[in-house]
Amino acid sequence: SQFLLRRVRPILAGTLYHDFDFFLQPDFGGNAAAIYDAYLDVKPAACANLRVGKFKQPLGLERLQTDSFLTFAERGLTADLIPQRDTGLELYGGFFGNALTYQAAFTNGEADGAFQPDSDTNNAKVGTLRVFAQPFKNTAIVPLQKLGLGLAGSYTGDNNNIPTYKTAAGQEQFFSYSSGVLFNGEQSHINPQANYYWGPLGAYGEYTQTNQVAQVGRLQTRLTNQAWQVATSWVVTGENASYTGVAPKKDFNLQAGTWGAWEVAARVHQLQIDPETFRLGFASLATSASRATAYTAGINWYLNKFVKFVADYEQTWFKDGNGTGNRPIERVFDTRWQVAF
């Protein structure tokens, strides 16, 4: 139905005097200009580095994955429950050859799924901690070397940022809180995650839960929304799958008769709104769905390490959200040409 410049992100990055890295990434996609990343890294030691600026809060296995390495054109529904970016400080590092890594952030706070504003809206701050382990990374057990297990979580004593939720492929809003709803208390996230790569096989999964104090009128309560996803992929041309994408053994070249690397992928993901949200009047079932469940099938063509073509088909089923019935099924076929270097 349309051609779209989804992401247009020129990157300015470099290293100054060995221990200082900088990264600036604006975005001009969607007919708008915004700063997505702008930070400085101070890296005196592998086990203790400091990041200052605007960056991805350390929540979400897929959210932390670089956009150009994503298995699908769009992130799953778990991303709706995680802020895109936040501004503040982060201490990070690794041990045992990065078989065990950690990230500890102290940031302003941001609405789930959002990345603006860059300034704070109250005096409260968000503390986030993520630990990720690859217990067999440095062992001789080859089939388990790329098994990763992680846990992340965050907490703030006062969050007032109200989110809306949208579908993955279609990027259409399917849930919003009613007018008059306030977020004015504690918020926490919990995010267990895992991935696994062995030869051409790739798989990952994660669960995200957000718990928020909300108020409408004189009624105040805690609302808990949750989402999960499971995905798998297979590089049919035999290259290794990885969290950082696929490198073709032979680049696409018609004269040489080579076609790059090909990958197939499938995913199921779901977002569930707390039933109390509707029972207590924080949202309306007539206009907002209480659950979204999506299935995705995709084909990725890696022409070379810089150019990638993605084709996905996704169907999303909804519970409620359309008068007295269910919101119509969303069916989306999307393709993406990507150049990243």
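Note that the structure is a prediction, hence the values are computed from the model and not measured. (Residues numbered from 1 in each chain as written. Predicted model: local features only at pLDDT ≥ 70, side-chain atom pairs only at ≥ 80, totals over all residues. Heavy atoms only, no water.)

## With respect to a nonpolar patch on the surface
Next, step 1: A contiguous nonpolar patch, built from Leu50, Val52, Leu89, Leu91 and Phe106 and spanning about 400 Å² of accessible area, is present on the exposed surface.
Next, step 2: Mapped onto the elements of the fold, Phe106 is located in strand S6 (residues 100-107). (Patch = residues over 30% accessible without salt bridge, like charges linked within 9 Å, V, L, I, M, F, W, Y side chains within 5 Å. Areas by Shrake-Rupley, 256 points an atom, 1.4 Å probe, with all protein chains shown as cover. Salt bridge = Lys/Arg side-chain N within 4 Å of Asp/Glu carboxyl O. Helix = DSSP H or I, 4+ residues; strand = E, 2+ residues; numbered from the N terminus.)

## Let's talk about the pairing of S6
Regular strands place their side chains on alternate faces of the sheet.
Next, step 1: Alignment of strand S5 (residues 86-95) against S6, held across 8 bridges, turns out to be antiparallel. The residue of S6 that forms the bridge with Glu90 is Ala105.
Next, step 2: Where S5 folds back onto S6 in an antiparallel hairpin, the turn is made up of 4 residues, including Phe96, whose phi is positive at roughly 55°.
Next, step 3: With 8 bridges joining them, S6 and strand S7 (residues 126-133) adopt antiparallel strand pairing. Looking at S7, one finds that Ala104 is bridged to Leu129. (Pairing = 2+ DSSP bridges.)

## Quick word on empty space enclosed by the protein
Next, step 1: Following the criterion strictly, the structure yields 4 cavities of 30 Å³ or more and no others.
Next, step 2: Of the pockets and cavities examined, the largest cavity occupies roughly 120 Å³.
Next, step 3: Along the walls of the largest cavity sit 21 residues, with Gly109, Glu110, Val126, Asn159 and Gln187 positioned nearest its centre.
Next, step 4: Secondary-structure elements contributing two or more residues to the lining of the largest cavity are strand S8 (147-159) and strand S11 (181-198).
Next, step 5: The greatest single-element share of the lining of the largest cavity, amounting to 5 residues, is contributed by S8.
Next, step 6: Across the lining of the largest cavity, the residue classes tally to 4 nonpolar, 13 polar and 4 charged.
Next, step 7: Split by residue class, the lining of the second largest cavity holds 7 nonpolar, 4 polar and 1 charged. (1 Å grid on protein atoms, 1.4 Å probe; cavity = no way out; pocket = protein on both sides within 12 Å on 5 of 7 lines; lining within 4 Å. Points joined across faces, edges and corners; volume = space filled by probe spheres on them. Nonpolar A, V, L, I, M, F, W, Y, C, P; charged D, E, K, R; others polar.)

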